[in-house]
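Each chain, written out:
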Amino acid sequence: METIVQAASQIAGEIFGNGGLSEWLLRLFPFFILLELPVYLLIFVGVLRWKLRERHRIPPSRLYTPKVSCIVTCYSEGAETVITLKSLCEQLYPGVLEIIPVVDGASINRETLAAIEGFRVDPHLHPRRTIRPLAKWQRGGRVSSLNAGLHHATGDIVLALDGDTSFDNDMVSQIVQHFADPNVPAVSGNLRVRNRNDSLVARIQALEYLLSIQMSKIGLGEWNTINNISGAFGAFRRKLLTRIGGWDTHTAEDLDITLRIKSYYGRHHFRIPFEPRAIGHTDVPTTFRQFLMQRLRWDGDLYFLFVRKHQRNLSPRLMGWPDFLMTLVTGLFFQLVMPFLIVSYLVVGFILMPLSTIAFVAVLIYSVYFAITLTLYLACLLLVSERPREDLKLLPLVPLFPVFMLVIRCWGVVCTLNEALRRGHEESSMAPWWVIKRGKKF
Amino acid sequence: MTNSPNIAFLAPHTTDFQIPDGWQRYETVAQLTQANSDVIVIDLPQEGLERAIIELRKSIYPLNLIFSARPANGPLFEQLGDGMLPEATDAVLPLYRLWQQRLHSFNRGQPSTTTEERVLAWLWSRPRSALVPVRAPRQAIPYYYPLVDVLTEDDTINAFSWLQLMQQQGLFAEGELLDRLRQCRECSSTRLNYIDVCPDCQTIDITRQPSLHCFTCGHVAPQESFLKNGTLECPNCLTRLRHIGSDYDRPLENLRCRSCNAFFEEPLVEAHCLDCQHINAPEDLKVREIRRYSLTELGRLKCRQGLTSSLRDDHFDQLNLINNGAFRTLLNWQIQLTHRYKSHATSLMAIKFENLEAAMEQVGEAGGIAAIDTLVSRIREAIRETDRCTRSKENLLWLLLPNTDIEGREALRNRILELAQLLPIAEHSGFRVVVDGYTLPMEMLPQEDAELIMARLSGKLGA
Ligand SMILES: [Zn+2]
Ligand SMILES: [Zn+2]
Ligand SMILES: [Zn+2]
């Protein structure tokens, strides 16, 4: 114990003695924290504001009940899709629900197709639920499934859902209420990790979904700056979707459609709310390797979208200034530039700094991020979570979380480089090459 | 056989039909049934034709050729008639000859009187014919066999059971299956109402009631009791139920009895008879197959070789059986004679075959029949021309022996018992021949008539 104290004072002496505290801080302080802190603050205040509003919120209206179409994209989920369909039938939403499961590559995914075709809606138990399965015999990717579903959809509101995601029974009511406001073109739903008990990788992703996705979306949503409608779970006005031509066959649908709606946004007074009470439960990769491969695709798509495809749409004239700035900061800077800054800092730090300094800075950085994580986690548990008991079990993972985030950011650099150099999105596992080829070239 | 047939022509007052020479013209069925025609030609519209042909078949013309002078169709005429009159009326003659020949070769030329004989004769005389069921809409049993109905003098015969019996005897072959009926156990009606009832108390007042099952506390209740402000909340443990399969599920029991409040998944189904109100369990309903029937090879053989020796019911026919009524009349007459002439002695004897059925089953149909035939022919040899026989039950044979005293009666009794001993089936199973009798007037009670004395004797035999 004494030796540790001695060592610490020695290190402190080296740092503060040689040139003084301010100089060291200026030279060595990981400045990226300063760039991120305001965003976390914004999120935190946003969450508090949301909580205050939430307490005075009136329950979802029973008067506004438009017809809703649920497009469920299915691939090789097999019998698991039945859970999704069942959870949709069980919706307490008083309006009509049209469920359209679209089986992609039905000729090879026979099991999924059979499970869906064998699914029957009991008209006595669920009088206002209909199911109309679509089979796409050739594999065309998720986007083409969504567009096929959209083509057959007749509801005013269209939900884009995944076959491996099931939903709480008030999901539709919660998400649809936002559309009573004509200025809302789309609503983003909240995803939780269903298979969190499968592995450590799944558990830590459960925490990531709660903190990085749910909390930041609530917080930023309060300031009307949603950076992404989840691909697995989003709601749209059908008319608007049809007007912008549905989903683009080119790449990962979620970000793309968000950006296209946003570029529409500059000309109209639209807002895209995030509804944390509209909850879906999804499966995440359970092994570290699968997890990295999934992120390779996501982050590659991110680069592709911002840098290649939406270059021209990313202008304050089209999007309006606040949104443009927020997209610039959260989208471009935090997700594309930040990982590079952090990795460069680490590389430079390791070369220039003595080991003791590295250790000190590492502890410092870790402490800051741990504090942020813990604050967000507690806020989540106390203010947001609808299943606090279940989420409390993730507490032991909070100390691990900053390390996990660092790994993600380092991996983000790899992904972006991979995309920039190899145009990796064209090998995207979600859409085979012939679909990509038919799309526009950038 | 060389005589030309009497051809009757049945038509209303006016007919465009050119009636050939030699045909007899009739305007009503009643007139025709008074005559003695061989072939009948009917010139009536469909409905009148059908009505006439049914009447004729039930009258003295059960088997005769009946043609329609007009184009006729419909299952009833197809079954009961012989089709359109041939274009050339001369062609009737060869058809008649053929029919006559076949009928002559039927059952050694014996006249057909029973249902069996008539139906077999029909099928024999019309080689490619079959018994075809016809729909009877709005009836308790929606099919009937017109041919069996018209050829049966006894209305109480059940055509369906009779056909089944004939089929079991190997005379009829099952043809095309046309329908399968479910019938009331009590009254055989097919007018059934299948109704779902409570499996606990059998009341019909049941209702579909979606219910939920809370995973937290196991509470099961109707869905309405869980609904609260557009969300689901367990009324028992107040847990918010968000997700099917993880917070709650739907029990399969979603039917409720309004009478006893039971929850159940599957209702009990009962088949209520609309005719007799009997309540049948569906699995207890009688299942009846509606088929066509035709003659089997064996049936044809027996038609040719004679029915008596082969039909199981008729082993005793060689004894020149008379019917029960006639036998009783004769016995009463004999009783009166013994009252009048004291010297006159008459004996009544009963022969009972115990366990006949079981013995037949054991030795096989053919062996059993042969044995009975032997016994019957020996009995016939033992009795006199003036003796009379009847059968009151399957296994109970009666002999009226005029001018026979106790000694003569006993002699005959011993003779029959000896014969029975010789039967090859006598050693098998419980087969036994029991013989006993009374001799009048000595063994007669005062005021006793034929019916009473026969009852007393069958009581003594334990029959
Ligand atoms: Zn009951
Ligand atoms: Zn409960
Ligand atoms: Zn009945």
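This one's a predicted model, so the numbers in the text were calculated from it and none came from an experiment.

### Some words on the overall build of chain A
Turning to step 1, where the next piece is worked out: What chain A contains, in helices and strands, is 17 helices and 9 strands.
Turning to step 2, where the next piece is worked out: Counting over 442 residues, chain A shows a buried share of 54%.
Turning to step 3, where the next piece is worked out: A fraction of 84% describes how many contacts in chain A between residues 6 or more apart in sequence connect residues 24 or more apart.
Turning to step 4, where the next piece is worked out: When the accessible surface of chain A is totalled, it reaches about 20100 Å², and 64% of it is carbon and sulfur.

### Examining unusual backbone geometry
Residue and element names in this part refer to chain B.
Turning to step 1, where the next piece is worked out: Across the junction of Leu440 and Pro441, the peptide omega takes the value 0°, indicating a cis bond.
Turning to step 2, where the next piece is worked out: Relative to the elements of secondary structure, Pro441 occurs in the loop between β24 (432–440) and α13 (450–460).
Turning to step 3, where the next piece is worked out: In the Ramachandran plot, Gln277 falls in the positive-phi region, its phi being about 65° despite a non-glycine side chain.
Turning to step 4, where the next piece is worked out: Residue placement: Gln277 occurs in the loop between β18 (268–273) and β19 (279–280).
Turning to step 5, where the next piece is worked out: Owing to a relative accessible area of 67%, Gln277 belongs among the exposed residues under this scheme.
Turning to step 6, where the next piece is worked out: A positive phi is found at Asn403, a non-glycine position, where the angle reads about 55°.
Turning to step 7, where the next piece is worked out: Here Asn403 is to be found in the loop between β23 (396–401) and α12 (406–422).
Turning to step 8, where the next piece is worked out: With a relative accessible area of 56%, Asn403 lands in the exposed category.

### Details of a negative patch on the surface
Turning to step 1, where the next piece is worked out: Residues B:Asp149, B:Glu153, B:Asp154 and B:Asp155 make up a contiguous surface patch of negative charge.
Turning to step 2, where the next piece is worked out: On the basis of relative accessibility, which here comes to 41%, the residue B:Asp154 falls in the partly exposed class.

### A short note on the coordination of the zinc ion (ligand 1)
Residues and elements named next belong to chain B.
Turning to step 1, where the next piece is worked out: At 2.2 to 2.3 Å from the zinc ion (ligand 1) lie its protein donor atoms, namely Cys198 (SG), Cys201 (SG), Cys257 (SG) and Cys260 (SG).
Turning to step 2, where the next piece is worked out: Relative to the metal, the 4 donor atoms surrounding the zinc ion (ligand 1) lie at angles of 106 to 117°, and the coordination shape comes out tetrahedral.
Turning to step 3, where the next piece is worked out: In the primary structure, the donors to the zinc ion (ligand 1) are separated according to the pattern C-x2-C-x55-C-x2-C.
Turning to step 4, where the next piece is worked out: Given the relative accessible area of 0%, Cys257 is considered buried.

### Points about the interface of chain A and chain B
Turning to step 1, where the next piece is worked out: The interface of chain A with chain B comprises 17 residues on the first partner and 15 residues on the second.
Turning to step 2, where the next piece is worked out: Buried area between chain A and chain B, both sides added, is near 1400 Å², and the carbon and sulfur share of it is 52%.
Turning to step 3, where the next piece is worked out: Three residues stand out in chain A for area buried against chain B, namely A:Glu90, A:Leu92 and A:Leu125, and they jointly supply 37% of the buried area on that side.
Turning to step 4, where the next piece is worked out: Counting across the interface, chain A meets chain B through 3 salt bridges.
Turning to step 5, where the next piece is worked out: Where B:Arg208 meets A:Asp122, a salt bridge forms, and the shortest distance between an N and an O atom there is 3.6 Å.
Turning to step 6, where the next piece is worked out: Here chain A and chain B share 8 residue pairs in polar contact (both at pLDDT 80 or more) between them.
Turning to step 7, where the next piece is worked out: For the side of chain A that touches chain B, the secondary-structure elements that each account for two or more residues are α4 (80–89) and β6 (165–167) of chain A.
Turning to step 8, where the next piece is worked out: Looking at the side of chain A that touches chain B, its residues break down into 3 nonpolar, 6 polar and 8 charged.

### Examining the packing of aromatic side chains
Residue and element names in this part refer to chain B.
Turning to step 1, where the next piece is worked out: Considering all chains together, one arrives at 13 aromatic pairs over all chains under this definition.
Turning to step 2, where the next piece is worked out: Summarising the aromatic geometry, the rings of Tyr145 and Phe160 are spaced 5.8 Å apart at their centres and angled 75° between planes, so their arrangement reads as edge-to-face. Remark: Phe160 occurs in helix α7 (residues 159–168) and Tyr145 occurs in the loop between β6 (143–144) and α6 (146–151); sequence separation between them is 15 residues.
Turning to step 3, where the next piece is worked out: Between Phe172 and Tyr293, the ring centres sit 6.5 Å apart and the planes meet at 40°, which makes this aromatic pair tilted. Linking Phe172 in strand β7 (residues 172–183) with Tyr293 in strand β20 (residues 286–295), this pair joins segments that are 121 residues apart in sequence. For the pair Phe172 and Tyr293, one class covers both residues: buried.
Turning to step 4, where the next piece is worked out: Linked through ring pairs, Tyr145, Phe160, Trp162, Phe172 and Tyr293 together constitute an aromatic cluster.
Turning to step 5, where the next piece is worked out: Taking NZ or CZ as reference, Arg102 lies 4.1 Å from the ring centre of Trp124, over its face.
Turning to step 6, where the next piece is worked out: Lying over the aromatic face of Trp122, Arg126 brings its terminal NZ or CZ to 3.7 Å of the ring centre.

About the criteria used
Residues numbered from 1 in each chain as written. Chains lettered and ligands numbered in written order. Predicted model: local features only at pLDDT ≥ 70, side-chain atom pairs only at ≥ 80, totals over all residues. Heavy atoms only, no water. Helix = DSSP H or I, 4+ residues; strand = E, 2+ residues; numbered from the N terminus. Buried < 20%, exposed > 50% of the residue type's maximum accessible area, 1.4 Å probe, protein only. Contact = heavy atoms within 4.5 Å. Areas by Shrake-Rupley, 256 points an atom, 1.4 Å probe, with all protein chains shown as cover. Patch = residues over 30% accessible without salt bridge, like charges linked within 9 Å, V, L, I, M, F, W, Y side chains within 5 Å. Salt bridge = Lys/Arg side-chain N within 4 Å of Asp/Glu carboxyl O. Lys, Arg positive; Asp, Glu negative; His and termini not counted. Charge placed at Lys NZ, Arg CZ, Asp CG, Glu CD. Donors = N, O, S within 2.8 Å, 3.2 Å for Na, K, Ca; no water. Tetrahedral: all angles 85-135°; square planar, octahedral: opposite > 155°, others 65-115°. Buried area = accessible area lost by both parts, 1.4 Å probe. Polar contact = N/O pair within 3.5 Å; in protein donor to acceptor, adjacent residues only side chain to side chain. Nonpolar A, V, L, I, M, F, W, Y, C, P; charged D, E, K, R; others polar. Phe/Tyr/Trp six-rings, centres within 6.5 Å; stacked < 30°, edge-to-face > 60°. Lys NZ or Arg CZ within 6 Å of the ring centre and 35° of its normal.

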